[in-house]
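Architecture at a glance
One letter stands for each residue in the lines below.
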Amino acid sequence: MSSEKNTWNKPEHLAPLLAALGDLSAWLLAEQVAGVVIGGVAASILGRPRLTRDVDALVLLDEGKWADFLAAGEQFGFKPRLADALVFARKARVLLVQHESSGIDLDLVFGNLPFEKEAVARAEWVEVGGIRVPLPVPEDLIIMKAVAHRPRDLSDIGSLLDSHPKLDIRKIKQWVQEFSEALEMPEIMSDMESLLSKHRKKE
């Protein structure tokens, strides 16, 4: 990690978030569920540190095992945020839980797309603040951020491009183009091209 990312090694500042991440990793390992931390936490670790108050993770798990997985999460301090959390999960493919001791909210996205499966398979375990967490490779996080397409996601892409000079740009553009066409949102690809152009001008 660069010195900029050493902010993650200050447990007094990030203790609640690190506690939630540590228990999430333990939960995934205990249940032998493949997953990867995504969203603002991953962008903050792999790119430019920024404030984030919750955790997002992408996991691969058959729907028939969701109930047992949720029940197992309680021993790691995770409890559902909704009374009908599994009903919601079956509709949205997102399980909403909270890490009780830290108060950190966790959104668990159940992946099913080929890209999501590949992103989880490529995940790398990284030590952050004294704990180990599974993170996506930067290219995959950039693709996810491009698809999410909120202003903060586009800002995160800029910081990721600046932090990782040897990215597989061809792969990024290929997947972003596919999602842009599938979602019928040409702005996803055009904004990605704009960010890449700005990055090239900095080099």
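As the structure is a computational prediction, the values presented were derived from the model and not from experiment. Throughout, a residue's number is its position along its own chain's written sequence, starting from 1. The predicted origin of the model limits local features to residues at a pLDDT of at least 70 and limits the giving and counting of side-chain atom pairs to 80 or more, whereas totals for whole chains, interfaces and linings rest on all residues. Only heavy atoms go into the side-chain values, all of them from the structure, while hydrogens and water stay out.

Relative orientation of the contacting elements helix α6 (residues 138-148) and helix α7 (residues 151-163) amounts to 155°, with a least axis distance of 8 Å. The pairing of α6 with α7 is recorded here as roughly antiparallel in orientation. Handedness of the crossing formed by α6 with α7: left-handed. The segment α6 lies against α7, with L141, I142, K145, A146 and A148 engaging D153, D156, I157, L160 and L161. When grouped by side-chain class, the residues that make up the contact of α6 with α7 number 7 nonpolar, no polar and 3 charged. Fitted lines through C-alpha atoms give the axes, limited to the stretch in contact for helices. The angle between two N-to-C directions lies from 0 to 180 degrees. Counting from the N terminus, the helices are DSSP H or I runs at least four residues long and the strands are E runs at least two residues long. Under this scheme an angle from 65 to 115 degrees is roughly perpendicular, one under 35 degrees roughly parallel, and one over 145 degrees roughly antiparallel; angles in between are oblique. Crossing handedness: left-handed means the near helix sits turned counterclockwise from the far one by under a right angle, and right-handed means the same turn made clockwise. The criterion used for residue contact is that any of the two residues' heavy atoms lie within 4.5 Å. Residue polarity follows a fixed list, in which Ala, Val, Leu, Ile, Met, Phe, Trp, Tyr, Cys and Pro are nonpolar, Asp, Glu, Lys and Arg are charged, and the others, Gly among them, are polar.

Moving on, we come to the pairing of strand β6 (residues 124-128). Whether two strands pair depends on DSSP finding at least two bridges between them. Relative to strand β7 (residues 131-135), β6 is paired through 5 bridges, and the arrangement is antiparallel. Residue W125 lies in a different strand from β7, and its bridge partner there is P134. Turn length for the β6-β7 hairpin, with the two strands adjacent in sequence and antiparallel, is 2 residues, and the turn residue G129 shows positive phi of about 55°.

All right, on to the sheet that holds strand β5 (residues 104-110) then. Spatial ordering of the open sheet is given by β1-β2-β5-β4-β3, a layout of 5 strands whose pairing is mixed. Among the strands making up the open sheet, the edge pair consists of β1 (34-38) and β3 (78-80). For this sheet, the mean angle separating the axes of adjacent strands, direction not counted, is 30°. Pairing geometry for strand β4 (residues 94-99) and β5, over 6 bridges, is antiparallel. Within β5, the position partnered with L96 by the bridge is D107. Against the sheet, helix α2 (residues 39-46) makes contact with β1 and β2 (54-60), and its axis sits at roughly 70° relative to β1, the strand it touches most.

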